[in-house]
Amino acid sequence: MSLYKHFRRQLVQIKFRKIALKKFREWLKTRYPSLSLLNAEWETSFANWDDVVPLTTAEAQAKGNYAGWMDHRTFMEEVFANALQVAAETVKQEDPGSRPSISGTQVPGPSNAINWYRIDQIVDYLQPYSDGDQDDLHRTMRPGLILTGFTGYQDHGKVLRHQLWHRLFHGHTGASLFWHYTALNADLTLTEQGRDLGETINEFRNEGLALLLRGAERENCGIAVHYSLLSVRGQWITDGRIAPHEVSNGNSTSPHLKRFHQNRSAWLQALDDAGYQYDLLTTEQIDAGKLANYRVLILPDSIALSDSEADAMRKFVQNGGLLLSDVETGLMNGHARWQAAGRLDDVLGVQRLQVRSASDDLPVAKLRVALSNGPAEFEVHPADPSLRNTTGQPGAAAGLASGGAGGTLFLIDNRFGSGRSITLNFWMSDYERQRKSGAQAGRLALLRDYFLLAGVRPVADLRKASGDPISCSEVVAYRKGVAKYLAILPEPDCADAGMVTLNLPSPAYVYDLRAHRPMGRVARVNGRLVPGEPLLYGILPAPLGRLSVSLAGPSKASAQVKAGDT
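Below is a summary of the structure that appears in this document. (Residues numbered from 1 in each chain as written. Predicted model: local features only at pLDDT ≥ 70, side-chain atom pairs only at ≥ 80, totals over all residues. Heavy atoms only, no water.)

Side note on the packing of aromatic side chains
Inspection of the entire model under this criterion finds 15 aromatic pairs. Note on Phe 24 and Phe 75: the rings are 5.2 Å apart at their centroids and 50° apart in plane angle, and the pair reads as tilted. Of this pair, Phe 24 sits in helix α1 (residues 3-31) while Phe 75 is found in helix α4 (residues 67-94), placing the two residues 51 residues apart along the sequence. (Phe/Tyr/Trp six-rings, centres within 6.5 Å; stacked < 30°, edge-to-face > 60°. Helix = DSSP H or I, 4+ residues; strand = E, 2+ residues; numbered from the N terminus.)

Section: the environment of Pro 375
Relative to the elements of secondary structure, Pro 375 occurs in strand β12 (residues 374-380). We classify Pro 375 as exposed; its relative accessible area is 53%. Linking Pro 375 and Leu 446, residues 71 residues apart in sequence, is a C-alpha distance of 9.4 Å. Ignoring sequence-local partners within four residues, the contact set of Pro 375 consists of Arg 368, Val 369 and Ala 370. (Buried < 20%, exposed > 50% of the residue type's maximum accessible area, 1.4 Å probe, protein only. Contact = heavy atoms within 4.5 Å.)

A short note on the sheet that holds strand β3 (residues 146-152)
Sheet architecture is open: 4 strands sit in the order β1-β2-β3-β4, paired in parallel fashion. Each having just a single partner strand, β1 (101-103) and β4 (174-178) make up the two edges of the open sheet. Across the sheet, the axes of successive neighbouring strands diverge by a mean angle of 15°, strand direction being ignored. Here 2 bridges tie strand β2 (residues 125-127) to β3, and the two strands are oriented parallel to one another. Paired with Tyr 125 across the two strands is Ile 146, which belongs to β3. Of the strands in this sheet, β3 and β4 touch helix α7 (residues 157-168), which is tilted by about 175° from β3. (Pairing = 2+ DSSP bridges. Axes fitted to C-alpha atoms, helices over the stretch in contact; angles between N-to-C directions.)

Some points on the pairing of strand β11 (residues 365-371)
Covered by surrounding structure in β11 are Ala 365, Leu 367, Val 369 and Leu 371 only, the residues Lys 366, Arg 368 and Ala 370 on the alternate face being uncovered. Judged from the 7 bridges that link them, β11 and β12 form a sheet pairing that is antiparallel. The partner of Lys 366 across the bridge, within β12, is Glu 379. Here β11 folds back onto β12 in antiparallel fashion, the turn holding 2 residues.

Focus: the packing of helix α12 (residues 255-274) against helix α17 (residues 441-453)
Closest axis-to-axis distance for the α12/α17 pair is 10 Å, and the angle between their directions is 80°. Taken together, the axis directions place α12 and α17 in an arrangement best described as roughly perpendicular. Contacts from Trp 267, Ala 270, Leu 271, Asp 273 and Ala 274 of α12 reach α17 at Leu 444, Leu 447, Arg 448 and Phe 451. Among the residues forming the contact of α12 with α17, the class breakdown is 7 nonpolar, no polar and 2 charged. (Parallel < 35°, antiparallel > 145°, perpendicular 65-115°, else oblique. Nonpolar A, V, L, I, M, F, W, Y, C, P; charged D, E, K, R; others polar.)

Points about the pattern of salt bridges
Applying the stated criterion across every chain yields a total of 33 salt bridges. We note a salt bridge from Glu 199 to Arg 161, for which the minimum N-O separation is 2.4 Å. With Glu 199 in helix α9 (residues 192-205) and Arg 161 in helix α7, the pair connects residues that are 38 residues apart, well separated along the chain. By relative accessible area, which is 13% here, Arg 161 ends up buried. One salt bridge connects Arg 259 with Glu 328, and the closest N-O pair in it is separated by 3.4 Å. With Arg 259 in helix α12 and Glu 328 in the loop between β9 (322-325) and α15 (345-348), this residue pair connects regions lying 69 residues apart in the sequence. Owing to a relative accessible area of 0%, Glu 328 belongs among the buried residues under this scheme. It is possible to trace a salt-bridge network through shared partners that takes in Arg 161, Asp 196, Glu 199, Glu 203, Arg 514 and Glu 533. (Salt bridge = Lys/Arg side-chain N within 4 Å of Asp/Glu carboxyl O.)

Some remarks on α12
Owing to its 3.6 residues per turn, the α-helix brings residues three or four apart onto one side. Over its 20 residues, α12 extends 28 Å from the first C-alpha to the last, a length consistent with the 28 Å expected when each residue adds 1.5 Å. For α12, a buried count of 15 out of 20 residues is recorded, marking the element as mostly surrounded by other parts of the structure. Directly after α12, the chain includes Gly 275, whose backbone phi takes a positive value near 95°. (Expected span 1.5 Å × (residues − 1).)

Honestly, that's just the spatial picture; any functional story needs more than this.
And the structure:
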């Protein structure tokens with residue numbers, strides 16, 4: 001590079017840095033009414049607003065007060081979203097009626113400025129990936145957003161079929177194929193992947209199943225799971241490091257953030273396994289009052305809580321809600337500044353003797369918990385052996401006695417106002433390992449018992465031939481007028497495969513939608529689960545009767561109609 005080009009690049013960078021700093025300072029003024037309040041939060045001594053500069057990662061970690069770093073990360077999320085807004089408006093201006101889209105989507109991380117709640121309100125069409133819990137994220141951030149997730153790659157058979165069905169039940173209306181080389185042979189015949197794609201999409205489109213679900217309301221059991229980007233950044237800055245070209249979700253550079261992501265995904269997997277449906281709930285949605293629509297709130301390692309979030313959660317429990325949390329809840333505020341005590345410790349009825357949880361290498365503890373249907377046994381990794389109860393009760397009432405090992409309290413139940421909170425002093429991040437060994441039943445029984453406290457029941461009563469509840473199949477229900485649709489989707493290697501029984505609360509007219517078979521007016525339905533493929537039922541209060549179709553117009557004699565056509 002010539003000396004001229006080098007200095008020109010430096011001048012451009014200086015110019016944009018000045019513009020960005022000016023905008024950042026203007027943004028800070030909307031968050032801090034006075035410079036003295038900012039100085040107090042950041043522990044700085046800026047003399048005027050023009051002196052304010054954010055902290056680098058190294059500076060924030062050395063200082064131990066992360067607010068000057070955190071605020072800049074939050075600001076950059078808004079900058080990125082605003083840039084997409086300009087691009088989307090330009091597209092619509094140049095091509096009225098078009099749908100601005102993003103191809104491929106990334107998991108929100110501390111440095112990539114991805115905030116899907118903001119972005120989903122800007123674009124009209126996404127071709128997403130499913131990693132980072134994105135299927136649940138996009139369907140709850142903006143219901144009705146057009147989604148056609150990327151599929152193909154190396155997948156085929158039951159893995160591919162499961163992915164397609166799972167996405168259909170999470171709001172996708174199509175699929176984006178990568179790429180034709182894996183779907184087509186050299187002689188243009190279909191590969192195994194191509195045949196699997198064709199057969200599954202045929203059911204969606206030509207047999208009308210996708211159209212049947214379009215416009216249907218996906219039922220929720222009354223459960224919300226906190227989706228905290230403040231905690232993503234708050235976890236990363238505690239031990240994260242800057243690595244060349246690392247702008248992904250941050251897992252590779254921060255053990256704490258990696259555990260955070262594993263923990264949240266494990267909670268969602270456990271809810272699916274236990275037969276419950278839920279929504280993800282962001283800071284923005286909580287600020288908009290959405291929390292009042294739910295009966296249960298789960299906080300999966302929500303280490304950073306804003307003032308408005310903490311207030312809304314306290315009122316939620318006070319007004320009768322059930323709060324489930326683990327051990328690091330609210331140790332930071334919304335600026336990632338450490339708090340003297342957890343922001344919801346009074347709601348949880350606990351006291352903390354240390355700021356952070358313990359390391360992940362503590363010995364496993366075996367718990368035996370008395371539940372309403374009998375005792376449950378399971379193993380856990382202790383999170384904070386020093387956690388103590390104040391108003392909370394270890395071994396709480398309603399048959400929810402908890403075990404302990406070495407003086408560690410693992411379950412703390414606290415009454416607060418008209419509601420209650422349950423603190424789980426262990427991580428869910430090892431849940432996937434438990435699933436593989438078939439040892440997850442105890443935790444699922446624990447969750448079912450807790451939800452029963454709040455009057456929350458699974459989507460449906462489904463039993464295996466043994467009489468046990470299913471444990472690795474997602475159950476999704478929809479309402480559309482008087483009709484109810486129920487899908488039971490086992491994972492590709494799920495032990496639920498085989499005969500299952502659906503017990504209805506009262507007799508209804510049931511239709512097997514994939515087999516095109518009416519099953520009559522029944523209170524019990526038997527079906528066979530096939531790995532990676534769903535049972536799909538229509539449930540109605542009255543029989544459909546017969547349907548006849550006739551073509552109008554002079555060309556009716558020669559016209560042909562295919563199922564799925566308009």
